[in-house]
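Spelled out, the chains give:
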Amino acid sequence: MVLTGSLKSLLPQVLRRIVRSNRLSISNTSGMAAGYKQANIVILHKSLADDFEKFCHANDGPLPLLYRSKPGDWGCPLSSESDIRTDCLQYRIYEHGACTGSVKNLKEYSEQLKDMVTFYLGCSFSFEKANVEQKSNVSMYKTAVPCYSVSTFCCNLVVTMRPIPESKLEEAVLATSELKEAHGAPVHIGDPGLLGIRDLSKPDYGDPVHLHPGDIPVFWACGVTGVEAVINCRAPLAFTHSPGCMFITDLKNDNSTVKSSREVPQIYCISQDPLLYSFVSAEAAQKIKTLETLIGIDPGERGIAHLQQQDELLKACLSISHARAVLITTGFPTHFTYEPPEENDGPPGALAIAAVLQALEKEVAIVTDQRAMNLNKKIIEEAVQLGILKRPVPLLSYQRENADSALMFLCENGNPRRPRFDHLIAIERAGMAADGNYYNSRKVNIKHLVDPIDELFLAAQTIPGVKTTGVGDGGNELGMGKVKDAVKKHIKNGDVIACDVEADFTVVAGVSNWGGYAIACALYVLSTCEIHDRYLRKAVGFPHFSNKAVWLSALPSVTKEEKLLKTLVQHGVRSGKTASLEMEVDGLPFHNTHSLMIEKLL
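Predicted, not measured: the structure shown is a model, and the values here were computed from it.

J.: Sorry if this is basic, but what is going on with the overall build of the protein here?
T.: The helix and strand inventory of the protein stands at 19 helices and 22 strands. Projecting the C-alpha coordinates of the protein onto the three principal axes gives extents of approximately 90 × 50 × 45 Å. When the accessible surface of the protein is totalled, it reaches about 24,700 Å², and 49% of it is carbon and sulfur. Side-chain charges in the protein split into 62 positive and 68 negative, and the spacing between the mean points of these groups amounts to 5 Å.

As structure tokens, then:
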């Protein structure tokens with residue numbers, strides 16, 4: 001019997017000979033032949049081989065194809081003197097989708113194997129460490145994430161989980177992102193429930209792995225996805241490795257250094273309940289940080305620099321990018337003696353966000369004051385005619401009828417587990433102060449003109465998975481409660497006007513519309529980022545970059561803004577900014593600084 005303690009340092013060809021001789025008492029190859037690639041094995045009849053290869057290419061996260069053999073070829077160029085019939089610790093037999101047994105070798109099936117093709121698929125055991133330390137097989141879980149189907153091959157993604165201390169998350173992501181043939185970077189970091197995994201202590205394959213205090217569950221795509229595909233295709237006969245019993249190759253792990261900032265992932269925590277981290281390339285992150293700097297210019301010299309928090313735009317947009325359905329609100333009736341009392345800062349930014357969300361095929365709706373429904377309906381209709389929006393945005397209003405009104409509005413039947421929206425955005429929306437009133441910058445109470453949409457943001461704080469973003473330029477806007485102490489200290493009249501309602505993310509801009517344009521542009525940057533795209537789709541299916549032209553056409557522009565501002569003026573909407581910022585464009589008030597800012601953003 002061979003002692004297992006030295007297996008980590010043995011060369012692959014030596015290990016394969018030992019496995020072939022059936023002299024090992026271990027149950028998995030985790031940690032064996034450190035530094036060398038291990039492979040998942042799928043063996044199918046040659047008539048299914050082409051479709052399965054397409055399935056692998058369509059889902060290359062869980063199924064990175066290292067080699068496809070010819071029918072009846074038991075050796076492979078990945079390893080010298082190998083024999084696929086004998087060189088895995090254990091095999092599983094599948095007949096018509098059912099596992100009918102496990103065997104130590106496949107020699108008794110040599111005749112059938114003459115018409116079968118072997119697929120060697122990359123494996124995360126190539127970088128295994130956590131499970132070696134706990135002397136266990138890796139934990140593997142079925143998820144609710146569907147793979148891209150090809151012919152009879154269809155299944156949900158299977159993932160592995162490794163507990164990683166929070167302080168080492170970036171190190172783990174960087175290290176594995178380079179190992180593209182071993183599943184690459186993680187596909188999810190955070191709450192397993194977001195993948196449809198109910199209980200980490202009950203893996204579908206492998207052994208449970210203990211999480212220590214401070215550990216974060218990190219999930220990688222897993223080659224056992226191929227086993228699930230074999231089960232679902234119901235082939236008359238198929239073979240796979242037993243989970244954890246990999247084929248050890250002679251290929252060394254590729255330790256090449258990632259050079260381009262486009263290929264370097266950065267990690268950001270975007271939610272604590274449920275816990276969720278997201279990825280973005282260093283290049284894309286820097287572009288968004290540049291946007292944040294640009295919109296932070298303070299043309300009104302109101303002291304907004306004191307309200308700004310680093311990376312809020314990036315984190316907000318990462319969260320929005322993960323969202324399925326987004327609710328937007330805007331409207332600041334600062335001109336309380338006029339009809340309509342709205343200002344023109346807010347609606348253009350809101351529609352810019354809505355346009356990009358539509359292009360990204362997310363659900364989007366706008367909620368506004370009941371008194372302003374007709375005005376906003378006309379603005380939305382004309383935005384469609386002008387080509388700013390692809391289609392009308394559903395327009396909603398909210399009124400408090402009882403203590404559960406906000407929850408009933410946000411969730412189906414008021415059930416927090418079934419939210420209608422998973423992100424709320426307020427842009428230049430009057431926010432409730434600490435005394436329950438709503439104030440413009442001159443301390444005038446405008447509560448009689450404002451519906452209690454703040455309640456939706458307060459209710460969102462109690463619904464797991466629903467996040468909020470506030471966009472403002474003075475501290476009295478909905479969501480600015482996150483920086484209310486700074487507003488009270490540094491903004492004129494801040495002690496009275498400061499919004500008391502917090503958002504998860506606060507985007508502070510010199511003009512709130514700029515914040516809306518920045519969000520729209522940042523969402524475009526994220527959508528064209530390969531690292532972020534892969535993380536969103538969990539490394540299954542194909543990149544969505546074919547839609548890039550549609551996304552690009554949805555972005556805000558000076559021309560679009562000019563047209564929309566004309567529309568707003570025609571409906572009696574006035575500027576809310578100081579006269580010193582205004583200039584005439586075709587006889588209409590327009591912000592020159594605003595125009596230049598859009599050019600810079602794009």
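J.: Can you walk me through the packing of helix 7 (residues 282–295) against helix 15 (residues 512–527) in this structure?
T.: The description of two helices packed together rests on the angle between their axes and the distance between the axes. Taken N-terminus to C-terminus, the directions of helix 7 and helix 15 make an angle of 175°; their axes are 10 Å apart at the nearest point. For the element pair helix 7 / helix 15, the angle class is roughly antiparallel. Of the residues in helix 15, those touching helix 7 at Ala 284, Lys 287, Ile 288, Leu 291 and Ile 295 are Trp 514, Gly 515, Ala 518, Cys 521, Ala 522, Val 525 and Leu 526. Here the residues of the contact of helix 7 with helix 15 are counted per class, giving 10 nonpolar, one polar and one charged.

J.: Quick question: what am I supposed to make of the sheet that holds strand 15 (residues 325–331) here?
T.: Sheet strands line up and pair through hydrogen bonds in the backbone, either parallel or antiparallel. Taking strand neighbours across the sheet as the criterion, the six strands line up as 17-16-15-18-19-20 in an open arrangement whose pairing is parallel. For this open sheet the edge positions go to strand 17 (395–397) and strand 20 (505–508), each flanked by a neighbour on one side alone. Between one strand axis and the next, the sheet turns by 25° as a mean value, whatever way the strands run. Examined bridge by bridge, strand 15 and strand 18 (residues 423–429) share six bridges and lie parallel to one another. Following the sheet pairing, Ile 328 is matched in strand 18 by Ile 425.

J.: Is there a simple way to explain the nonpolar core in this structure?
T.: For soluble globular proteins, the rule of thumb is that nonpolar side chains tend to be buried together. The biggest cluster of nonpolar side chains holds 80 residues, and the ones touching the most others in it are Ile 189 and Ile 328. Take this core: its biggest share by element is 11 residues, from helix 15. Domain assignment of the residues forming this core places at least three in each of domain 1 (8–252) and domain 2 (301–601). For Ile 328, the contacting residues outside a window of four places in its chain are Ala 350, Ile 353, Ala 354, Leu 357, Val 364, Ala 365, Ile 366, Val 367, Ile 425 and Ile 427. The next biggest cluster of nonpolar side chains, apart from the first, holds 42 residues, and it includes Phe 119, Leu 195, Leu 200 and Ala 221.

J.: Would you mind showing me how to read the layout of surface pockets here?
T.: Vacant regions in the atomic arrangement are exposed by a probe of water-molecule size rolled over the atoms. Considering only enclosed or pocket space, the largest pocket measures out at about 1,400 Å³ in volume. For the largest pocket, the lining is made up of 40 residues, of which Ser 321, His 322, Ala 323, Arg 324 and Asp 422 are closest to its centre. Of the residues belonging to the lining of the largest pocket, the class tally is 18 nonpolar, 11 polar and 11 charged.

J.: I would appreciate a short explanation of empty space enclosed by the protein in the present structure.
T.: The full count for this structure, using the stated rule, is six cavities of 30 Å³ or more. When its volume is computed, the largest cavity comes out at roughly 90 Å³. Forming the walls of the largest cavity are 13 residues, and the residues nearest its centre are Pro 348, Ala 352, Ile 388, Pro 556 and Lys 560. When residues of the lining of the largest cavity are traced back to their parent elements, those giving at least two are helix 9 (347–359) and helix 18 (558–570). Of the residues in the lining of the largest cavity, the class split is 10 nonpolar, one polar and two charged. In this structure, the second largest cavity encloses a volume near 70 Å³.

J.: How do you make sense of the side chain of Asp 422 when you look at a structure like this?
T.: Structurally, Asp 422 can be placed in the loop between helix 11 (405–410) and strand 18. Buried and unpaired, Asp 422 has no salt bridge, with Arg 324 as the nearest side chain of opposite charge at 4.2 Å. At 2.9 Å, the side chain of Asp 422 forms a polar contact with the backbone nitrogen of Arg 324. A distance of 2.9 Å separates a polar atom in the side chain of Asp 422 from the backbone nitrogen of Ala 325.

J.: How do you make sense of helix 18 when you look at a structure like this?
T.: Each α-helix winds once per 3.6 residues, and so residues spaced three or four apart point in a common direction. The terminal C-alpha atoms of helix 18 lie 18 Å apart, and with 13 residues this matches the ideal 18 Å at 1.5 Å per residue to within 8%. Phi turns positive, to about 85°, at Gly 572, one or two residues after helix 18.

J.: Please clarify how unusual backbone geometry should be interpreted in this entry.
T.: It is generally the case that most residues other than glycine have a negative phi and that most peptide bonds are trans. Here the bond from Asp 273 into Pro 274 is cis, since omega is -5°, no more than 30 degrees from zero. Counting through the fold element by element, Pro 274 comes out in the loop between strand 13 (265–272) and strand 14 (275–281). Going from Glu 339 to Pro 340, the amide bond is cis rather than trans, its omega being 0°. If you trace the backbone, Pro 340 turns up in the loop between strand 15 and helix 9. With phi around 55°, Arg 234 is a residue other than glycine that occupies positive phi space. If you trace the backbone, Arg 234 turns up in the loop between helix 6 (225–233) and strand 11 (238–241).

J.: Looking at this structure, I do not really get the packing of helix 8 (residues 312–322) against helix 15. What am I missing?
T.: Two numbers describe how helix 8 lies on helix 15: the axes approach to 9 Å, and their chain directions differ by 65°. For helix 8 against helix 15, the interelement crossing comes out right-handed. Counted together, Leu 313, Cys 317, Leu 318, Ile 320 and Ser 321 of helix 8 and Ala 518, Ile 519, Ala 522, Leu 523 and Leu 526 of helix 15 form the full contact between these two elements. For the contact of helix 8 with helix 15, the per-class residue count stands at nine nonpolar, one polar and no charged.

J.: What's the story with helix 8 in this structure? I'm lost.
T.: The buried count for helix 8 comes to nine of 11 residues, which makes it a mostly enclosed element. Those residues of helix 8 lying buried are Glu 312, Leu 313, Leu 314, Ala 316, Cys 317, Leu 318, Ser 319, Ile 320 and Ser 321.

J.: Looking at this structure, I do not really get the domain arrangement of the protein. What am I missing?
T.: Interfaces are often described in size by the accessible area the parts lose on coming together. Here the protein is partitioned into domain 1 (8–252) and domain 2 (301–601). Relative to domain 2, the C-alpha centre of domain 1 lies at a distance of 46 Å. Opposite the 19 residues of domain 1 that make contact, domain 2 presents seven residues. Where domain 1 abuts domain 2, roughly 950 Å² becomes buried across the two surfaces, and 58% of that area is made up of carbon and sulfur atoms. The largest contributions to the domain 1 side of the interface with domain 2 come from Ala 58, Tyr 148 and Val 187, which together make up 39% of the buried area. Inspection of the region where domain 1 meets domain 2 yields zero salt bridges. At the junction of domain 1 with domain 2, the criterion picks out seven residue pairs in polar contact (both at pLDDT 80 or more). When contributions to the side of domain 1 that touches domain 2 are tallied by element, the ones reaching two or more residues are helix 2 (46–58), strand 6 (139–146) and strand 8 (188–189). For the side of domain 1 that touches domain 2, the residue count by class is 12 nonpolar, six polar and one charged.

J.: Looking at this structure, I do not really get the pairing of strand 20. What am I missing?
T.: Residue alternation in strand 20 divides its side chains into two sets, Phe 505 and Val 507 and Thr 506 and Val 508, and both sets are buried. When strand 19 (residues 467–472) meets strand 20, the two strands line up parallel, connected through four bridges. Note that in strand 20 the partner of Gly 470 across the bridge is Thr 506.

Quick notes on the rules
- Residues numbered from 1 in each chain as written.
- Predicted model: local features only at pLDDT ≥ 70, side-chain atom pairs only at ≥ 80, totals over all residues.
- Heavy atoms only, no water.
- Helix = DSSP H or I, 4+ residues; strand = E, 2+ residues; numbered from the N terminus.
- Areas by Shrake-Rupley, 256 points an atom, 1.4 Å probe, with all protein chains shown as cover.
- Lys, Arg positive; Asp, Glu negative; His and termini not counted.
- Charge placed at Lys NZ, Arg CZ, Asp CG, Glu CD.
- Axes fitted to C-alpha atoms, helices over the stretch in contact; angles between N-to-C directions.
- Parallel < 35°, antiparallel > 145°, perpendicular 65-115°, else oblique.
- Contact = heavy atoms within 4.5 Å.
- Nonpolar A, V, L, I, M, F, W, Y, C, P; charged D, E, K, R; others polar.
- Pairing = 2+ DSSP bridges.
- Core = buried A, V, L, I, M, F, W, Y, C linked by side-chain atoms within 4.5 Å.
- Buried < 20%, exposed > 50% of the residue type's maximum accessible area, 1.4 Å probe, protein only.
- Domains from an automatic or database assignment.
- 1 Å grid on protein atoms, 1.4 Å probe; cavity = no way out; pocket = protein on both sides within 12 Å on 5 of 7 lines; lining within 4 Å.
- Points joined across faces, edges and corners; volume = space filled by probe spheres on them.
- Salt bridge = Lys/Arg side-chain N within 4 Å of Asp/Glu carboxyl O.
- Polar contact = N/O pair within 3.5 Å; in protein donor to acceptor, adjacent residues only side chain to side chain.
- Expected span 1.5 Å × (residues − 1).
- Left-handed = near helix turned anticlockwise from the far one by under 90°.
- Buried area = accessible area lost by both parts, 1.4 Å probe.

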